[in-house]
Amino acid sequence: MYKNKTFLIVFSLAITQFTIGQNNTNSPYTRFGYGNISDNNSGGQRAMGGVSIGSRSNQDINNVNPASYSAVDSLTFMFDLGSSALVSRFSDNTGKKTTMNANLEYLAMQFRIKKWLGFSAGLLPYSFLGYNYYSKDSVTLVNNTSTPTKIGYTSTFNGSGGFSQVYTGLSTNLFNHLSLGANAYYMFGTMNNYRYVAFDNNSLSNPSSRNTSVAAGSLRFRYGVQLYNTFAKKHDVTLGFIYEQKTKLNSSFSEITTGGLNDTISTEYQFETPTLLGAGLQYTYDKKLTIGVDYSLQKWGEAKFFWDPATSANQENLRNRSKIALGFEYIPNPVGRNLSDKIKYRAGVNMSDAYYQVDGLTPQKNYGVSLGLGLPLYNKATNSISMLNATVEYGKIGSVSKLREDYLKFTLNVIFNEHWFFKRKL
């Protein structure tokens with residue numbers, strides 16, 4: 001047992017270092033706001049459209065709602081490692097382009113500390129930046145000694161980085177039908193945005209560049225509640241809620257410009273993460289059929305983002321983001337002897353708002369559809385069943401009039417479910 005623990009700890013640290021350096025997107029939309037915000041759903045939850053707030057299981061790790069940790073069995077240690085691959089096709093009025101990215105995405109573990117106390121910890125993404133594109137335009141130059149001159153120019157945009165978060169959480173059961181939980185997150189990382197402008201005729205105007213960087217390292221908290229009960233032995237119902245208060249980031253900003261004015265600027269801009277509210281309902285019939293629905297709201301419109309104390313205003317405006325998700329899961333025979341009886345078939349849909357603006361306008365709603373399988377893996381040595389989850393998601397972002405992104409995201413995660421906390425008799 002101790003050898004397994006040592007290996008897992010070393011392996012987790014190695015994966016952590018590798019994960020921090022990865023980026024799993026190449027979308028121009030990540031230029032705005034904090035980039036692509038992760039919902040932190042596990043592989044199985046993604047297959048159900050992202051349904052998670054009301055999810056309560058002793059076979060999965062649900063870090064979206066920390067109240068779920070108390071559901072873990074007292075003899076079980078769970079470890080979840082997730083990876084993903086993303087294929088995106090971008091299209092507008094001028095043409096199409098396809099990109100692909102892949103990386104290890106998250107890791108989490110969960111077990112019981114006491115009979116009444118569950119624990120979870122791990123490394124999760126918060127946001128991703130990754131883009132590289134250019135645009136062409138023209139400008140008319142006017143001075144006192146010559147006639148107006150129209151000159152073309154090319155703007156190149158590059159972005160990388162994002163924020164990761166280490167979390168740890170606790171959950172306890174009260175009165176047999178109520179569970180309370182809390183997560184503490186430490187966010188860290190850097191957002192890098194670079195713009196380079198080159199004119200077709202350098203004799204009329206010199207090229208210029210602007211390189212901005214936002215670094216942050218901050219602590220924030222999330223609170224969760226789950227009310228659960230079983231009716232007539234076959235009907236399990238869970239109602240869940242999550243709440244996160246608006247949090248100021250301990251951040252630093254720097255800007256380097258070259259061309260017309262060579263300078264390094266360090267402005268005391270302020271940044272915040274938004275208030276988060278969420279509710280979810282999940283119903284399971286006879287341990288076979290599960291239906292869940294979630295609704296969440298992130299109040300980005302009330303959060304400071306490039307907030308300038310001198311003007312008491314944001315330099316960039318964000319919008320509130322709401323998301324609704326609906327998901328299904330079916331298990332043919334949960335108590336069957338064959339592993340094929342315990343395969344989990346999943347499907348889901350979701351719809352969400354963009355939290356940023358493009359050219360002063362809010363993009364159209366984003367849509368997603370997902371399918372997945374949960375394949376049981378039997379360990380004869382420990383008489384335990386782990387789970388391999390495979391998920392494919394199709395989603396749409398934006399519109400062809402500006403830029404439309406159609407993507408396929410493949411997620412593969414393994415939940416190692418081992419009986420570690422007992423003594424074997426010889």
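Because the structure is predicted, anything quoted here is derived from the model rather than measured.

**Student:** In this structure, what is going on with the overall build of the chain? I would like to understand it.
**Tutor:** When helices and strands are counted, the chain shows two helices and 21 strands. Here the chain holds 426 residues, and the buried ones make up 48% of them. Of the contacts made within the chain by residues no fewer than 6 positions apart, 67% connect residues no fewer than 24 positions apart. Carbon and sulfur atoms make up 57% of the accessible area of the chain, which amounts to about 21,200 Å² in all.

**Student:** Explain the pattern of salt bridges here, please?
**Tutor:** It is possible for side chains of opposite charge to pair when their charged atoms get near one another. Within this structure, the stated rule accounts for 14 salt bridges. The partner of Glu105 in a salt bridge is Lys409, with the nearest N and O atoms 3.7 Å apart. Here the residue Glu105 occupies a position in strand E3 (residues 95-114), and Lys409 occupies one in strand E21 (residues 403-419), the gap between them amounting to 304 residues. Two residues, Asp353 and Lys365, come together in a salt bridge whose shortest N-O distance is 2.4 Å.

**Student:** Would you mind going over unusual backbone geometry with me for this structure?
**Tutor:** The bulk of non-glycine residues show a negative phi, and the bulk of peptide bonds are trans. Phi at Lys233 is positive, roughly 70°, even though this residue is not glycine. Among the secondary structure elements, Lys233 is positioned in the loop between strand E7 (208-231) and strand E8 (235-244).

**Student:** What is the right way to read the side chain of Thr284 from this model?
**Tutor:** Counting through the fold element by element, Thr284 comes out in strand E13 (residues 276-285). The contacts of Thr284, once residues within four sequence positions are left out, are Lys234, His235, Asp236, Leu289 and Thr290.

What counts, and at which threshold
- Sequence order sets the numbering: in each chain, residues are counted from 1 along the sequence as written.
- Owing to the predicted nature of the model, reporting of local features is limited to residues with pLDDT of at least 70; listing and counting of side-chain atom pairs is limited to 80 or more, with chain, interface and lining totals taken over all residues.
- Hydrogens are left out, water is left out, and the side-chain values use all remaining heavy atoms of the structure.
- In this description a helix means any DSSP run of H or I spanning at least four residues, a strand means any run of E spanning at least two, and both kinds are numbered starting from the N terminus.
- Buried, partly exposed and exposed residues are distinguished by accessible area as a fraction of the type maximum, computed with a 1.4 Å probe on protein chains only: under 20%, between the cut-offs, and over 50%, respectively.
- By definition in these notes, contact holds between two residues if any of their heavy atoms fall within 4.5 Å.
- Computed with a 1.4 Å probe, the accessible areas rest on the Shrake-Rupley method; for each residue, only the protein chains presented here act as cover.
- Criterion for a salt bridge: a side-chain nitrogen of Lys or Arg within 4 Å of a carboxyl oxygen of Asp or Glu.

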